[in-house]
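Summary of the model geometry
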Amino acid sequence: MARASKTPRWLALLEGPQTLGKGLRFWSLFLLVLAAASAYPLFADGYDVGNNVYFFNWAFMALGLSLIWGYGGALSFGQTAFFGVAGYAYSVISINLGDAYGLTLFALLAAVLLSALFAAVLGYFLFFGRISGVFLGIVTLSVTLVLERFMSQTAGPEWKIGAARLNGFNGMGGMPSLTIPWPGGDIALFPDIPLYYVTLALLTLAYLALRILVNSRFGNVLVAIRENPQRAEMLGYDIRRYQLAAFVIGSALAGLSGVLYTSWGNYITPASMGMTAASLPIVWVAVGGRSDLTTTLLGTLLVLAGFQALTIYGSQYAIVVMGLLLVATVLVAPNGLVHGLGSLLSGRLRRRVREREAL
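This section reports on the structure supplied with the text. (Residues numbered from 1 in each chain as written. Predicted model: local features only at pLDDT ≥ 70, side-chain atom pairs only at ≥ 80, totals over all residues. Heavy atoms only, no water.)

Assigned secondary structure in the protein consists of 14 helices and six strands. Its C-alpha atoms give the protein a radius of gyration of 21 Å, near enough to 21 Å, the size a compact globule of 359 residues would have. Projecting the C-alpha coordinates of the protein onto the three principal axes gives extents of approximately 75 × 50 × 50 Å. A burial count over the protein gives 46% of its 359 residues as buried. In the protein, once contacts between residues fewer than 6 apart in sequence are set aside, the share between residues at least 24 apart is 77%. (Helix = DSSP H or I, 4+ residues; strand = E, 2+ residues; numbered from the N terminus. Rg over C-alpha atoms; globule rule 2.2 N^0.38 Å. Buried < 20%, exposed > 50% of the residue type's maximum accessible area, 1.4 Å probe, protein only. Contact = heavy atoms within 4.5 Å.)

Bringing the packing of aromatic side chains into the picture now. Across all of its chains, the model carries 23 aromatic pairs by this definition. Measuring from ring centre to ring centre gives 4.9 Å for Tyr 124 and Phe 128, while their planes differ by 25 degrees; the resulting arrangement is stacked. Here the aromatic cluster, defined as three or more aromatic residues joined through ring pairs, consists of Tyr 54, Phe 55, Trp 58, Phe 83, Tyr 261, Trp 264 and Trp 284. (Phe/Tyr/Trp six-rings, centres within 6.5 Å; stacked < 30°, edge-to-face > 60°.)

Before going further, it helps to spend a moment on empty space enclosed by the protein. Rolled over the atoms, a probe with the dimensions of a water molecule shows which regions are left empty. Taken as a whole and judged by the stated rule, the model has two cavities of 30 Å³ or more. When its volume is computed, the largest cavity comes out at roughly 40 Å³. Element by element, the count of residues in the lining of the largest cavity is highest for helix H10 (residues 239-265), at three residues. Taken together, the residues that form the lining of the largest cavity break down as six nonpolar, two polar and no charged. As a volume, the second largest cavity reaches approximately 30 Å³. The wall of the second largest cavity is formed by Leu 65, Ser 76, Phe 77, Gly 78, Gln 79, Thr 80, Ala 278, Pro 281 and Ile 282. Counting only elements with at least two residues in the lining of the second largest cavity, the list comes to helix H4 (79-97) and helix H11 (275-288). Split by residue class, the lining of the second largest cavity holds five nonpolar, four polar and no charged. (1 Å grid on protein atoms, 1.4 Å probe; cavity = no way out; pocket = protein on both sides within 12 Å on 5 of 7 lines; lining within 4 Å. Points joined across faces, edges and corners; volume = space filled by probe spheres on them. Nonpolar A, V, L, I, M, F, W, Y, C, P; charged D, E, K, R; others polar.)

So, about a nonpolar patch on the surface. Together, Leu 114, Leu 117, Val 121, Tyr 124 and Phe 125 give the surface a local cluster of nonpolar side chains, amounting to about 510 Å² of exposed area. Looking at the secondary structure, you find Leu 117 in helix H5 (residues 103-127). Taking relative accessible area as the criterion, Leu 117 reaches 52% and is therefore assigned exposed. (Patch = residues over 30% accessible without salt bridge, like charges linked within 9 Å, V, L, I, M, F, W, Y side chains within 5 Å. Areas by Shrake-Rupley, 256 points an atom, 1.4 Å probe, with all protein chains shown as cover. Salt bridge = Lys/Arg side-chain N within 4 Å of Asp/Glu carboxyl O.)

Our focus in this paragraph is the pattern of salt bridges. Applying the stated rule across the entire model yields five salt bridges. Arg 149 is paired through a salt bridge with Glu 148; the nearest N and O atoms lie 3.0 Å apart. Given a relative accessible area of 12%, Glu 148 falls into the buried group. Of the charged contacts in the structure, one is a salt bridge between Asp 238 and Arg 240, with a shortest N-O distance of 3.3 Å.

On to the nonpolar core. Core analysis: the biggest nonpolar cluster contains 92 residues, and Met 172, Phe 247 and Trp 284 have the highest contact counts within it. No other element matches the 16 residues that helix H3 (residues 46-71) contributes to this core. If we ignore the near neighbours within four places in the chain, the residues touching Phe 247 are Ile 68, Ser 76, Phe 82, Ala 119, Leu 122, Gly 123, Leu 126 and Phe 127. (Core = buried A, V, L, I, M, F, W, Y, C linked by side-chain atoms within 4.5 Å.)

Turning our attention to the environment of Phe 247. Note that Phe 247 resides in helix H10. The exposure class assigned to Phe 247 is buried, which follows from its relative accessible area of 1%. Here the alpha-carbon distance between Phe 247 and Phe 127, two residues 120 residues apart in the chain, equals 9.6 Å.

Attention now moves to the side chain of Thr 329. Assignment of secondary structure puts Thr 329 in helix H13 (residues 315-332). Excluding anything up to four places from it in sequence, Thr 329 contacts Ala 286, Val 287, Pro 334, Gly 336 and Leu 337.

A separate point is the packing of H3 against H11. Following both chains from N to C, one finds H3 and H11 inclined at 70 degrees, their axes separated by 9 Å at the closest point. When the axis of H3 is compared with that of H11, the two are roughly perpendicular. Taken together, the residues of H11 that come into contact with H3 (itself represented by Trp 58, Met 61, Ala 62, Leu 65, Ser 66 and Trp 69) are Pro 281, Ile 282, Trp 284, Val 285 and Ala 286. Across the contact of H3 with H11, the residue classes tally to 10 nonpolar, one polar and no charged. (Axes fitted to C-alpha atoms, helices over the stretch in contact; angles between N-to-C directions. Parallel < 35°, antiparallel > 145°, perpendicular 65-115°, else oblique.)

What follows concerns the packing of H3 against H10. Relative placement of two packed helices is described by the angle separating their axes and the distance separating the axes. Taken N-terminus to C-terminus, the directions of H3 and H10 make an angle of 170 degrees; their axes are 7 Å apart at the nearest point. In terms of their interaxial angle, H3 and H10 are classed as roughly antiparallel. Counting all contacts with H3, which are made through Gly 50, Asn 51, Val 53, Tyr 54, Asn 57, Trp 58, Phe 60, Met 61, Leu 63, Gly 64, Leu 67 and Ile 68, the residues of H10 involved are Ala 246, Phe 247, Ile 249, Gly 250, Ser 251, Leu 253, Ala 254, Leu 256, Ser 257, Leu 260, Tyr 261 and Trp 264. Broken down by class, the residue content of the contact of H3 with H10 amounts to 17 nonpolar, seven polar and no charged.

Relative to the helices and strands, Met 275 is located in helix H11. Along the backbone, Met 275 and Glu 148 are 127 residues apart, and their C-alpha atoms lie at a distance of 9.0 Å. When residues no more than four places from it in sequence are discounted, the contact partners of Met 275 are Leu 141 and Leu 145.

Without other data, these values stay purely geometric and don't point to any function.
Dropping the structure here:
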């Protein structure tokens, strides 16, 4: 009689049909990359390390969009709306409560929950109203631009919540950084090495948790809805609930990006919800490969690094290059450039293994 596997089910879900990468070779490479990222602050200047947290901050938003769009099939331009809602909520709460006793952590949780609640309300009307396809993209983009326009006109002195002034298009500043209570004194997470490690740990946990989620029954049903919603509904699944759940989770991750970005730079403006900001996550996820978390993460970090270099040395070309990159992806590799390259390399590797076994 075969012995039952003692591997916990949640651990087994790290690998599955909905994610690329499995086996000892993949996880060894994963640990090697994680070790390199962890060792990076030991050999770099603290200022540079803090600045590189910027890239990690946006990755949460991209992973959330991968869940909504890549796995759920719902193209959303609303990620920056939830980013902005959470960023402004964190600013208002933290300015009014201060950073003592770890209250910034409370502000973080409250801001992410507020972003998720906003997504739940919006998503309810979208999905239970049977809005899908291009119309869902139009509605989410419209909501994003309305929020951006509204926040831009809050410059007057009457636009304040407690001690926090919204400041209109000038943006809010002066909010405290995240602070962790500690017996020897609170640890303020300024853009430096401690914030780098905290953000890296959060990103790793989010990535692994999403792998478990998309390889679970929930993820399998979500992909079935993406492929054929009518068939999934005929099989008895309430597709609207699954789409709404994915929308809320992905939007909460965008909210986490907003909080981390705001606490990192101690600043947020309505421009973070503008047309350009709303379109960039689509480029990141499309270039990487929206239907896989690993390629989404890699593609986002690579495109962000290239975009930052362009803004420094040729800012007038940055947006044009991003547009051309999106067009090239759609025409050459619809599943994503990173995804296509990874599939090509893994296919060649499998062929070599089979050839060696045949000898």
